[in-house]
Structure formats: C-alpha cells, structure tokens
Amino acid sequence: MFVATLLCNPAHPVLEPVLIESLRNAWGGGEAEWLALGIAAEFSLEQMPDNRWGVWDDLQQIGVDLVIQASEGRKKKMLLADMDSTMIQQECIDELAEEAGVGARVKEITARAMNGELDFEGALTERVGLLKGLPETVIAKVLAERITLMPGARRLLATMKADDAYAALVSGGFTAFTTQVAAELGFDENRANTLLTEDGKLTGDAGRPVLGREAKVEALQQITARLGIAEAEVMAVGDGANDLGMLKRAGAGVALHAKPSVAAECDIRINHGDLTALLYIQGYAQNTFKG
C-alpha cells in the first residue's frame, strides 16, 4: 500500500477539496483525510500511479507538492538534517563573506558547489580563503543579525522529539553555527567543519578532514548503528549536491527547496511547503504538532 500526500505553503493555503477528490477518484484511492485544512491532505493507494510525475508537474504549477510513498514505516525514528538553506534560511559562509566584502564572489562559488558543478572540498577551501583576516567576533554578529530559522523548523524538531525520534544536524558549514542552531532547535548532536582562527582572526583555512558528502553518509551509518535502528527508519533532508549521498541512503530522503539537479534525483521533493511538510508526509496532523 501507498500514501499520497498533497501539501502547500502554510502561509498561502491553496489546497482545495475538489482537487483532492478529483485526484483520489482518478487514482482509485481511499478516503481522503485532511491533516491541515487547506494545507495538507492524504489518501491511500493500492499501487503507484503510472502518471505520478506528470501529475506532480501539473500540481507544481499551482503551488502544490505531491509525495507518494509506501505507507508502511513512513513515521521515522531519526531526523538527519543539513543546516544551510535547510534548517536555516541562509548559507552561513555567504553571510560571513558579505561582512568581509567578498559576498558576490563567494555566493557564486556556493551556488555552483551546491548544484554539483564544483568539487565541494575545493569550493569550501577557496571560499574560506577569501575570509582570511576577518575578526572572529563577526561570527557572533552574523548569528545575531543575519541568520533566521527556516519556517517550520521548531515544530518539526519539537514534534519528532516528542515522539522519541533522534535528531542530528550534519552540515558542510561550520561548528560555530551548527552548535547554536542545534541547541536552539533541540538537535541531539551536530557535525560540521571548523573555521580556524589565530589571534582573534580567521586564518582563511578550515580544519581537516573537510566534512562533505561522504561524511554525511558516514554520519548516517554511524548514528543508526549506535542507536540500533535501520537506515530505512531515517528521514534525511537537504538541498545541495553534497546532501545526495544521505538523501539516497535514508528511508525518506527529502529534497527541500533543492537545486534542480538535486531534486531530480530524489522521489520526495518539497518545493512549496516548509519544514512542517516533513511531518505531514509522516502522517502527523497539524493538531498534533508540538512547539
């Protein structure tokens, strides 16, 4: 059995009952259930529809995301999340670069790296090099003035944690940021790269080894082994090319507002919903959300 979930941006509810019913009827689905009126609904299916992606394309045009997955085991025991442009709305290195006056150059490299056009480690090394000499105090300034949580982040963490799920933040960014974001949202652990400093200034280098795509896969393997759970019991979420390894290995790999090249390789693509979409596709109704 499968479950089809339709959802949209909670800030702009556009999901209409007639749409749900017409699709349910066309696919011979079970009775529709509203998880949040105007925002999210689901119904069961006996088989995967042949025209799944054609319907997905049509729904994208009206601001609706469609996710179809096996009904068994969709509620997960662990969340493995990227940070930049996933749990927060910014790329931390881009924000540091703005303070250093090299924002345009660094943003260009970031975009190409996240789209898979550049080697992640090489791109990180080049970008960090452009930050050489920046006062270490700028990190706290960026955290306070430039970093904002992704909509739905608090509810996602609070709700899954209330259901005893484990949460790990794994970022190609920096520990100076993941430590605070993880603490604020309630992650159980965080892993990221380290910005090296000397005499109160950034040296223009990062600690080695650089945490990239393979390190995120290793985190998935190591944490599930430690917890004694299967990789199929994990929901991973990210947006960049360096997230693809963990997104493909996890039981549910969610491409959230992802680069096109990344989304194309994932079956769960959230382009309109916020982070509460990860709750809806697990079957949580809005009235059960925490936080």
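What comes next concerns the included structure. (Residues numbered from 1 in each chain as written. Predicted model: local features only at pLDDT ≥ 70, side-chain atom pairs only at ≥ 80, totals over all residues. Heavy atoms only, no water.)

**Points about the sheet that holds strand β2 (residues 33-36)**
In spatial order, the strands read β2-β3-β1-β4; together these 4 strands make up an open sheet with antiparallel pairing. Strands with a single pairing partner mark the edges of an open sheet, and in this sheet they are β2 and β4 (64-70). Along the sheet, successive strands turn relative to each other by an average axial angle of 25°, direction set aside. In this sheet, β4 lies alongside strand β1 (residues 2-8) in antiparallel orientation, the contact comprising 7 bridges. Looking at β4, one finds that C8 is bridged to V64. (Pairing = 2+ DSSP bridges. Helix = DSSP H or I, 4+ residues; strand = E, 2+ residues; numbered from the N terminus. Axes fitted to C-alpha atoms, helices over the stretch in contact; angles between N-to-C directions.)

**What to know about the packing of aromatic side chains**
Scanning the entire structure with this criterion turns up 2 aromatic pairs. Ring geometry for W53 and W56: centres 5.7 Å apart, planes at 70°, overall edge-to-face. Pair noted here: W53 and W56 are both in helix α2 (residues 52-60), with a separation of 3 residues, about one helical turn. By relative accessible area, which is 10% here, W56 ends up buried. Their ring planes at 45° and their centres at 5.2 Å tell us that Y280 and F289 sit as a pair that is tilted. Exposure class is identical for Y280 and F289. Each is buried. Sitting over the face of the ring of Y284, K75 holds its NZ or CZ atom 4.3 Å from the ring centroid. The ring centre of W53 lies 4.0 Å from the NZ or CZ of R269, which sits over that ring. (Phe/Tyr/Trp six-rings, centres within 6.5 Å; stacked < 30°, edge-to-face > 60°. Buried < 20%, exposed > 50% of the residue type's maximum accessible area, 1.4 Å probe, protein only. Lys NZ or Arg CZ within 6 Å of the ring centre and 35° of its normal.)

**Here we look at the layout of surface pockets**
Approximately 280 Å³ is the volume attributed to the largest pocket. Secondary-structure elements contributing two or more residues to the lining of the largest pocket are β4, α10 (244-249) and β11 (252-256). For the lining of the largest pocket, the element with the most residues is β4, which contributes 3 residues. Taken together, the residues of the lining of the largest pocket sort by class into 8 nonpolar, 4 polar and 7 charged. (1 Å grid on protein atoms, 1.4 Å probe; cavity = no way out; pocket = protein on both sides within 12 Å on 5 of 7 lines; lining within 4 Å. Points joined across faces, edges and corners; volume = space filled by probe spheres on them. Nonpolar A, V, L, I, M, F, W, Y, C, P; charged D, E, K, R; others polar.)

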